[in-house]
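Letter by letter, the chains look like this.
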Amino acid sequence: MKQENYIKMEFPARSVNEGFARAAAAAFAAQLDPTLEELGDIRTAVSEAVTNAIVHAYPEVMGTVTLRLRILEGNVLEIMVRDRGVGIPDVEKAMEPMYSTGGEERSGMGFTIMGSFMDGLRVRSAPGKGTSVTMSKRIAVKAQR
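Here's what I pulled together on the structure shown here. These numbers come from a predicted model, not from an experiment. (Residues numbered from 1 in each chain as written. Predicted model: local features only at pLDDT ≥ 70, side-chain atom pairs only at ≥ 80, totals over all residues. Heavy atoms only, no water.)

Now for the overall build of the protein chain. Within the protein chain one finds four helices and five strands. Counting all 145 residues of the protein chain, 42% fall into the buried class. Put simply, of all contacts in the protein chain between residues at least 6 apart along the chain, 67% involve residues at least 24 apart. With an accessible surface of roughly 8,000 Å², the protein chain has 50% of that area assigned to carbon and sulfur atoms. (Helix = DSSP H or I, 4+ residues; strand = E, 2+ residues; numbered from the N terminus. Buried < 20%, exposed > 50% of the residue type's maximum accessible area, 1.4 Å probe, protein only. Contact = heavy atoms within 4.5 Å. Areas by Shrake-Rupley, 256 points an atom, 1.4 Å probe, with all protein chains shown as cover.)

Structure below.
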C-alpha cells in the first residue's frame, strides 16, 4: 500500500509516556476525520501496546519505545509499537486471553483488546531482540457512514 503520511517518535519506556503516545496517535489520526468511536478504538489499542512495551520489555533497564503511525491508501491507519527489550519467547501463547508474565496485577488481555479494537494485528518478537506490534484500522470515509 502506498504511504500518504507518517510520523515516528521514540520515548523512554516510562509509564508517564503512555498517555502522551495515546494522545499523539489520536492527534495524528484526526486528519482522517474518524468518529469518536474510531478515535477511542485507536487510543485504547495504542495504550495497550505501549503499556505492554513499558511493563514487559525492560524489566532490568530503562529502554525506549518507538511509535510509528502511517496513513496508507484507502484511509487505513497503521500503528507500529516497537521495543528492543527482552522479547517474547512464545508469541502464540502470549496472545492467548488471560496469559500474562506481568504478575497478578496484570490481566493478560492486552493483545486481545488490541485485536478487538483494530482491523489487523501482527506481533513479531525475538528473545533478546525485542517486539514489534503492528496494528491497522480502516477509517470510514464520511460519505460511507
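Once the structure has been displayed, the description carries forward.
Our next topic: the sheet that holds strand E3 (residues 76-83). Across the sheet, which stays open at both edges, the five strands sit in the order E1-E2-E3-E5-E4 with antiparallel pairing between neighbours. Each having just a single partner strand, strand E1 (3-12) and strand E4 (120-126) make up the two edges of the open sheet. Direction aside, neighbouring strands of the sheet carry axes that sit 10° apart on average. Pairing geometry for E3 and strand E5 (residues 130-138), over eight bridges, is antiparallel. In the strand pairing of E5, isoleucine 79 is matched with methionine 135. (Pairing = 2+ DSSP bridges. Axes fitted to C-alpha atoms, helices over the stretch in contact; angles between N-to-C directions.)

Right, let's talk about the packing of helix H1 (residues 16-29) against helix H2 (residues 36-57) for a bit. At a minimum axis distance of 9 Å, the contact between H1 and H2 shows a crossing angle of 145°. The chirality of how H1 crosses H2 is right-handed. Between H1, through Glu18, Ala21, Arg22, Ala25, Ala26 and Ala29, and H2, the contact on the second element is made entirely by Leu39, Ile42, Arg43, Val46, Ser47, Val50, Thr51 and Ile54. Across the contact of H1 with H2, the residue classes break down as nine nonpolar, two polar and three charged. (Left-handed = near helix turned anticlockwise from the far one by under 90°. Nonpolar A, V, L, I, M, F, W, Y, C, P; charged D, E, K, R; others polar.)

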